[in-house]
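# Residue-level structural notes
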Amino acid sequence: MILKTKTVNCDILIIGGGMAGCGAAYEAGYWGRNLNIVVVEKAQIERSGAVAMGLSAINCYMGMRWNENTPEDFVRYTRNDLMGLVREDLEFDIARHVDSTVHLFEEWGLPIIYDQQTGRYKREGKWQILIHGESYKPIVAEAATKAASKIYNRIMITHLLTDETYPGRIAGAVGFHVREGTFYVFRAKAVIVASGGGTHIYRPRSVGEGAGRTWYAPWSTGSAYALIIGVGAEMTQMENKLVVTRFKDGYGPVGAWFLALKAVATNAYGEAYEMKYLKDQRALYGNYVDSKPFPTCLRNDAMLREIKAGRHPIYIHTERVLDTREKEELGHEDFLDMTMSQTIVWASQNIDPKKTPSELQTSEPYIMGSHATCSGAWASGPQDLSPKEYFWGYNRMTTVEGLFGAGDTIGGSAHKFSSGSFTEGRLAAKAAVAYVAERPAMPEVSEKTVADLKTEIFQPLENFSLGRNLIVKGTVSPSYLYADQFVIRLEKLMDEYVGGWGPMYTTNEILLNRGLELLTMLKDDLAHVAAEDLHQLQRAWELHHRVMTAEAVLRHTIFRKETRWPGYCYRADFPKLDDEHWHVFVNSKLDRATGNWQLFTRPCLQLVT
Ligand code: SFD
Ligand code: AMP
């Protein structure tokens with residue numbers, strides 16, 4: 001098969017046109033008016049990424065113009081919620097800029113709900129504001145489209161490129177058009193990776209025809225992590241996987257119900273359980289238990305204790321709070337704006353939320369840098385805030401020169417959500433413009449490197465066309481595996497050995513080491529993935545990215561010998577939180593030449609008292 005190659009030269013390449021990518025395009029367009037700024041997106045940016053369906057709240061807004069919160073307050077909140085471990089410089093940097101982002105969204109037409117009495121934005125909670133957000137993504141994407149020199153939709157990036165003579169510097173990326181198969185080579189002086197988080201790395205609770213249903217977007221395939229790990233970027237907190245409490249089966253988020261509607265959760269027998277285990281939790285996890293608000297992972301922990309004791313289902317009592325028309329509308333719009341599947345579950349299971357409580361369930365683990373966890377790249381902070389341990393020249397630059405990240409890509413800074421991810425894109429882009437101004441030469445990439453990658457990328461199509469002849473019908477082949485068969489194997493392994501929902505998020509060193517052996521065998525089979533068309537080729541590369549992300553998660557989980565975030569993951573062999581030894585970031589780096597992983601710690605410095 002002969003497939004065309006197209007080469008695009010640009011100054012700044014933004015990979016992923018989600019919230020962070022749109023923020024990066026907007027800001028790069030502002031500071032780098034004369035630069036060629038290119039966005040490449042595997043879907044269509046108008047409806048791509050986690051916000052494709054819309055959202056009903058903006059979960060990160062300080063409200064500084066009304067003196068509601070300060071950046072210091074936000075740092076304290078995120079530090080407590082993450083059981084002590086956040087990069088305070090990055091959190092502060094998001095907090096001091098995020099309000100201006102939200103004001104831009106409003107200017108561009110996003111309907112933000114006002115509190116008629118105070119004249120301020122209507123609060124869902126201390127950090128969250130309510131929006132009519134079904135069209136959130138198209139509004140944000142329009143601003144990015146206007147700012148960028150060009151948007152390339154439907155191109156999946158599979159690999160990053162580094163400078164031929166100096167592999168410590170970024171040089172661009174390669175990928176393919178998922179509809180017409182053209183092989184694309186993007187050469188760039190700086191690259192901003194904003195390609196979202198990781199789902200379907202762990203076995204989802206949904207099965208059969210519903211298996212695509214997860215809370216976080218199923219098309220968030222760990223690309224952000226795999227791409228940058230592949231070029232040797234240092235990673236942090238990959239063991240900090242996210243488990244969210246959600247409405248059962250539809251994965252409807254709980255924030256609006258708990259915070260705005262003040263719904264209460266109980267066990268099967270009507271008992272409120274959340275604060276029931278404080279004494280036990282304090283003995284295991286120390287004073288973090290007394291944080292206000294109660295940390296997200298500990299809320300999960302309390303619920304899991306109830307389930308282990310057999311006192312489930314856990315109910316959220318929607319029927320007790322929908323007592324006015326306004327509240328009823330808020331409750332329905334919450335899901336219609338961002339998780340329609342939940343309203344479909346209600347309809348299909350005869351649940352009227354005004355009359356009947358709904359069941360809650362904890363999700364499978366996700367890998368994310370923007371929600372209540374912070375896996376991702378170890379990045380430089382801003383010059384005016386960051387101590388020397390956290391600063392190496394350019395804000396949000398990874399340890400690879402010229403390679404920046406934002407949103408789910410960047411580790412150590414949780415609770416950014418949609419607005420903070422866009423904001424971080426802006427911060428990364430401003431720094432990338434400065435980087436390009438100071439290093440205007442285009443890095444070198446050899447024709448051989450590009451040709452080798454082209455062969456590798458299209459290999460699954462070859463595997464199919466050769467192996468297909470060895471079977472008469474069906475999908476089970478002696479010579480190849482399809483990506484969807486493979487992903488089930490990955491999910492099962494991660495679930496059973498690396499603390500998925502099956503063993504109640506619990507693992508230990510023996511399980512983890514066996515998991516690593518199995519993952520190593522699974523990796524051998526990656527060479528045999530087959531794709532019968534371009535869609536399946538995309539699935540094949542998404543699988544590669546998921547496997548790389550999974551390996552990072554597994555290795556980090558082995559390394560941290562404590563239970564830092566109960567409710568997200570339990571190390572049964574080290575059931576306590578151990579601040580004396582583990583109040584540090586766990587970081588890793590893949591050596592590209594040898595394939596060896598290095599794991600080590602970095603200090604966690606307190607900057608805000
Ligand atoms: O309540 C490639 N999120 C919420 N944020 C809020 O502010 N409020 C809420 O109410 C939120 N809730 C919520 C949220 C998400 C979801 C799915 C639900 C509910 C159901 C979280 C935010 O959405 C999240 O924090 C940000 O979107 C993160 O931004 P970013 O840019 O890091 O990720 P993205 O938006 O998914 O964009 C990634 C883009 O990259 C593309 N891509 N392109 C090219 N090549 C590749 N290899 C690529 N791989 C990926 C993607 O297509 C995408 O466009 S609540 O539940 O918390
Ligand atoms: P969710 O809808 O679960 O994604 O949560 C949205 C936001 O509300 C996030 O910032 C959560 O941390 C926060 N949140 C959800 N439930 C609670 C709760 N019971 N107490 C405090 N914060 C919460």
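This report concerns the structure included in the present document. Because the structure is a prediction, the values reported are computed rather than measured. (Residues numbered from 1 in each chain as written. Chains lettered and ligands numbered in written order. Predicted model: local features only at pLDDT ≥ 70, side-chain atom pairs only at ≥ 80, totals over all residues. Heavy atoms only, no water.)

### What to know about the environment of Leu322
Secondary-structure assignment places Leu322 in the loop between strand S12 (314–316) and helix H9 (325–338). C-alpha of Leu322 to C-alpha of Lys354: the two residues are 32 residues apart in sequence and 5.7 Å apart in space. When sequence neighbours within four positions are dropped, the list of residues in contact with Leu322 reads Trp257, Leu261, Lys327, Glu328, Pro353 and Lys354. (Helix = DSSP H or I, 4+ residues; strand = E, 2+ residues; numbered from the N terminus. Contact = heavy atoms within 4.5 Å.)

### Looking at the sheet that holds strand S11 (residues 265–266)
The four strands are arranged S10-S13-S12-S11 in an open sheet whose pairing can be described as antiparallel. Strands at the two margins of the open sheet, each flanked by one partner only, are strand S10 (245–247) and S11. Two strands pair when backbone bridges link them, and S11 and S12 are joined in this way by two bridges, in the antiparallel orientation. By the bridge assignment, Thr266 is partnered in S12 with Tyr315. (Pairing = 2+ DSSP bridges.)

### Description of the site of ligand 1
Taken together, 36 residues sit near ligand 1, with Glu41, Ser48, Ala57, Ser370 and Ser418 positioned nearest. Between ligand 1 and Ile157, the relevant distance is 3.0 Å, taken from a nitrogen atom to a main-chain nitrogen or oxygen of the residue. Taking Arg246, its side chain carries an N or O atom lying 3.1 Å from an oxygen atom of ligand 1. Surface burial for ligand 1 is 98%, taken as the share of its 1,100 Å² of free accessible area covered by protein chains. At the level of secondary structure, the elements contributing two or more residues to the shell around ligand 1 comprise helix H1 (19–31), strand S3 (55–58), strand S6 (155–162) and helix H11 (417–438). By residue class, the composition of the shell around ligand 1 is 17 nonpolar, 15 polar and four charged. (Near = heavy atom within 4 Å. Polar contact = N/O pair within 3.5 Å; in protein donor to acceptor, adjacent residues only side chain to side chain. Areas by Shrake-Rupley, 256 points an atom, 1.4 Å probe, with all protein chains shown as cover. Nonpolar A, V, L, I, M, F, W, Y, C, P; charged D, E, K, R; others polar.)

### Quick word on the site of ligand 2
Within the structure, ligand 2 sits among 14 residues, and Gln128, Arg246, Gly255, Arg299 and His371 are positioned closest to it. The side chain of Arg246 places a nitrogen or oxygen atom 2.8 Å from an oxygen atom of ligand 2. At 3.0 Å from an oxygen atom of ligand 2 is found a side-chain nitrogen or oxygen belonging to His371. Notes on ligand 2: free accessible area 480 Å², of which the protein chains cover 88%. Put simply, the parts of the chain that give the shell around ligand 2 at least two residues each are helix H6 (255–260) and helix H8 (296–308). Ranked by residue count, the leading element in the shell around ligand 2 is H6, at three residues. Across the shell around ligand 2, the residue classes tally to six nonpolar, six polar and two charged.

### Topic: the nonpolar core
Leu13, Ile15, Leu160, Phe186, Val191, Leu403 and Met494 are the most contacted members of the largest nonpolar core, which totals 59 residues. Looking at which element gives the most residues to this core, the answer is helix H15 (residues 534–559), with eight residues. Discounting chain neighbours no more than four positions away, the residues touching Ile15 are Val40, Ile157, Leu160, Ala173, Val191, Ile192, Val193, Ala194, Ser195 and Leu227. Listed in part, the 51 residues of the second largest apolar core include Tyr277, Cys297, Tyr570 and Cys604. (Core = buried A, V, L, I, M, F, W, Y, C linked by side-chain atoms within 4.5 Å. Buried < 20%, exposed > 50% of the residue type's maximum accessible area, 1.4 Å probe, protein only.)

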